[in-house]
Amino acid sequence: MVSWREQLAFAPLEAAERGEEIERRIRHAIELGVLEDGTQLPSENDLAARMRVSTQTLRAALAELRHLGLVETRRGRGGGSFVRANTGDIAKARRESLAAYSLEDLRDIREYRAVLAGSAAAAAAARAQQISIARLASLAGMIGSARTPAEMTRADSQFHLELSAASRSVRLTRQEMTLQAEIGPLIWTNTPNRATTAASEHTAIVEAIREGDPVLARAHAEDHVRHDMNGLIDLRMSMDSAASLDSAVPGAPPAASTGDRLIAHTTASIESLATRIRETAGASIRVVEEAVRKALNGAPMPRLDDLAGVYDVVHETLDGATPAFYGLGFLADASFFGDAEIIWAFIPPGQDEPQRLEMDLEFYDYASTPWWPRDGVDDLHVSYAYVDANGSNAYIVTFSKMIMIAGRPAGAAMTDILITQLQSGFEPLLLSLPPGSSIVDQNGVVIATNSGSLIGGALPRERTQRSAALPAVPWRLFVGDEKAGGSA
């Protein structure tokens with residue numbers, strides 16, 4: 001019978017995953033205590049079959065694990081590959097594993113896990129009479145008596161896998177198993193005091209299922225997963241806090257500052273950074289505007305062909321602005337040129353060199369997009385946070401400016417900033433403030449924060465936190481309440 005540990009560590013890989021993923025999967029399982037010291041791994045043929053990879057790919061991964069000192073291979077009778085988990089190195093390895101995830105990665109995993117757990121709980125509640133509530137209930141409380149991170153990992157994983165199985169969806173259960181192997185053990189690395197609360201949350205999920213209430217079961221499951229992941233995000237944010245403060249932008253407050261003086265100093269530093277962002281965006285946009293005006297200078301009948309050289313300017317300017325901006329360019333207005341065209345360069349994730357964006361504008365109503373500036377307004381327009389579903393599919397804020405030629409709007413010059421870039425820029429400063437401090441956009445959406453629970457979220461409209469406008473941009477800084485634990 002295959003144990004829960006082997007199910008987690010050796011779950012089949014997706015077809016698109018490469019050999020490095022095998023090494024990462026097993027390394028995490030060892031570092032995080034899923035595979036304990038002395039555990040014998042399955043034979044190479046068996047393990048390759050389970051993970052659905054070739055034996056050659058598997059051997060390369062095992063060789064790397066041996067090089068790292070996490071696996072040893074013994075020859076002869078009773079031989080095989082065995083786990084070597086040096087407990088003195090595991091704590092460091094766990095933090096290194098967590099450090100490999102960005103805040104955006106963890107936020108994305110949080111929402112994906114919430115959807116999976118919520119869907120499983122709702123499906124289980126819809127067929128409550130057909131599943132073993134007693135077994136689910138017994139697994140729900142197991143984590144309350146767990147004493148070590150390994151025991152907590154096991155109890156939590158077993159409950160979530162059983163919950164997924166209750167949905168009667170094989171695909172959903174496989175996805176949950178994959179996520180448990182990837183992120184589940186990390187949750188219990190530094191949160192021993194959460195076990196009792198997790199047991200209560202598990203029980204609430206089971207009771208909603210027992211009552212046959214899919215809506216409540218989904219809500220409890222999603223809240224439970226988000227609580228777990230928010231704690232992990234907070235841990236990830238705290239790991240670099242000292243280094244971030246040391247390397248903060250000029251004018252950042254000293255870490256030893258306290259109280260109102262600290263808040264005033266930090267607010268001034270945040271206002272300064274917001275101003276620099278606007279000024280840098282404006283400078284890049286002006287370069288694009290000048291290129292467009294130069295290209296159209298003296299043309300009696302402006303044509304899109306006249307803009308052929310603008311892309312080179314866009315590419316060079318964006319390349320020089322990296323990593324401040326994600327994209328830069330010009331969108332030619334169809335009402336001016338007779339047809340619309342976008343001249344746009346952007347930097348795909350994981351790359352340094354700008355690339356040209358190819359986009360069909362035939363059915364793109366750009367005039368209704370968040371970033372389209374008002375006609376005739378000679379100033380920068382700053383959009384609210386949005387997902388550019390018709391272009392780069394990125395979560396961004398856009399600075400833009402309408403370019404007027406002979407009194408008519410010829411199009412808009414604009415630059416994009418990823419929300420993750422704003423978080424990275426403001427985070428060193430926000431870490432000086434009470435938990436729950438955030439910078440929000442025009443719609444109250446959080447674009448930077450020092451609290452994991454607020455990453456990717458919004459502040460409630462009935463907020464009583466003290467706040468300050470950031471004059472250079474249409475955003476506000478909300479300062480968390482120290483006494484209230486930073487809740488928004």
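Here, the structure is the one placed above.
Residues numbered from 1 in each chain as written. Predicted model: local features only at pLDDT ≥ 70, side-chain atom pairs only at ≥ 80, totals over all residues. Heavy atoms only, no water.

A. Representation of the overall build of the protein in the model. Per the secondary structure count, the protein includes 17 helices and 13 strands. In the protein, which comprises 488 residues, the proportion classed as buried is 50%. For the protein, the proportion of contacts with a sequence separation of at least 24, taken over those separated by at least 6, is 65%. In the form shown here, the protein has an accessible surface area of approximately 22800 Å², with 49% of it arising from carbon and sulfur atoms. (Helix = DSSP H or I, 4+ residues; strand = E, 2+ residues; numbered from the N terminus. Buried < 20%, exposed > 50% of the residue type's maximum accessible area, 1.4 Å probe, protein only. Contact = heavy atoms within 4.5 Å. Areas by Shrake-Rupley, 256 points an atom, 1.4 Å probe, with all protein chains shown as cover.)

B. Expanded view of the packing of helix 11 (residues 195-210) against helix 12 (residues 214-239). Two elements in contact, helix 11 and helix 12, have axes whose closest approach is 8 Å; the angle formed by their N-to-C orientations is 165 degrees. Classified by the angle between their axes, helix 11 and helix 12 sit roughly antiparallel to one another. For helix 11 against helix 12, the interelement crossing comes out left-handed. Taken together, the residues of helix 12 that come into contact with helix 11 (itself represented by Ala198, Glu201, His202, Ala204, Ile205, Ala208 and Ile209) are Leu216, Ala217, His220, Ala221, His224 and His227. In the contact of helix 11 with helix 12, the residues fall into 8 nonpolar, 4 polar and 1 charged. (Axes fitted to C-alpha atoms, helices over the stretch in contact; angles between N-to-C directions. Parallel < 35°, antiparallel > 145°, perpendicular 65-115°, else oblique. Left-handed = near helix turned anticlockwise from the far one by under 90°. Nonpolar A, V, L, I, M, F, W, Y, C, P; charged D, E, K, R; others polar.)

C. Focus on a negative patch on the surface. Residues Asp312, Glu316, Asp319, Asp352 and Glu353 make up a contiguous surface patch of negative charge. Here aspartate 352 shows up in the loop between strand 4 (341-346) and strand 5 (355-356). Residue classification places aspartate 352 among the exposed residues on the basis of a relative accessible area of 65%. (Patch = residues over 30% accessible without salt bridge, like charges linked within 9 Å, V, L, I, M, F, W, Y side chains within 5 Å. Salt bridge = Lys/Arg side-chain N within 4 Å of Asp/Glu carboxyl O. Lys, Arg positive; Asp, Glu negative; His and termini not counted. Charge placed at Lys NZ, Arg CZ, Asp CG, Glu CD.)

D. Representation of the environment of leucine 68 in the model. By secondary structure assignment, the location of leucine 68 is in the loop between helix 4 (55-67) and strand 1 (71-74). Once the C-alpha coordinates of leucine 68 and arginine 27 are considered, the two residues, 41 residues apart in sequence, prove to be 9.1 Å apart. When sequence neighbours within four positions are dropped, the list of residues in contact with leucine 68 reads Glu23 and Arg27.

E. Region of interest: the sheet that holds strand 13 (residues 475-478). An order of 11-10-13-12 is seen for the 4 strands of this open sheet, with the pairing classed as antiparallel. Only two strands of the sheet have a single partner each, and these edge strands are strand 11 (446-449) and strand 12 (467-470). For this sheet, the mean angle separating the axes of adjacent strands, direction not counted, is 25 degrees. The strands touched by helix 17 (residues 419-430) are strand 10 (438-440), strand 11 and strand 13; relative to strand 11, the strand with the most contacts, the crossing angle is about 35 degrees. (Pairing = 2+ DSSP bridges.)

F. The arrangement of the nonpolar core in detail. Of all hydrophobic cores here, the largest spans 52 residues; its most connected members are Ile270, Leu307, Phe399, Leu422, Phe426, Ile439 and Trp475. For this core, the element with the highest residue contribution is helix 14 (residues 259-296), accounting for 11 residues. Leaving out residues up to four positions away in the same chain, tryptophan 475 has contacts with Val382, Val397, Phe399, Leu422, Phe426, Ile439, Val440, Asp441, Gln442, Ile447, Ala469 and Leu470. Residues Ala124, Ala140, Ile143 and Val225 belong to the second largest nonpolar core, which totals 46 residues. (Core = buried A, V, L, I, M, F, W, Y, C linked by side-chain atoms within 4.5 Å.)

G. Just the packing of aromatic side chains, in detail. Scanning the entire structure with this criterion turns up 6 aromatic pairs. A centroid spacing of 6.0 Å and a plane angle of 65 degrees characterise the contact between tyrosine 326 and phenylalanine 346, whose relative ring orientation is edge-to-face. Of this pair, tyrosine 326 sits in the loop between helix 15 (310-321) and strand 3 (327-332) while phenylalanine 346 sits in strand 4, and the two are 20 residues apart along the sequence. For phenylalanine 346, a relative accessible area of 14% gives the class buried. Ring geometry for phenylalanine 336 and phenylalanine 337: centres 4.9 Å apart, planes at 70 degrees, overall edge-to-face. There is no split in this pair, since phenylalanine 336 and phenylalanine 337 are both buried. (Phe/Tyr/Trp six-rings, centres within 6.5 Å; stacked < 30°, edge-to-face > 60°.)

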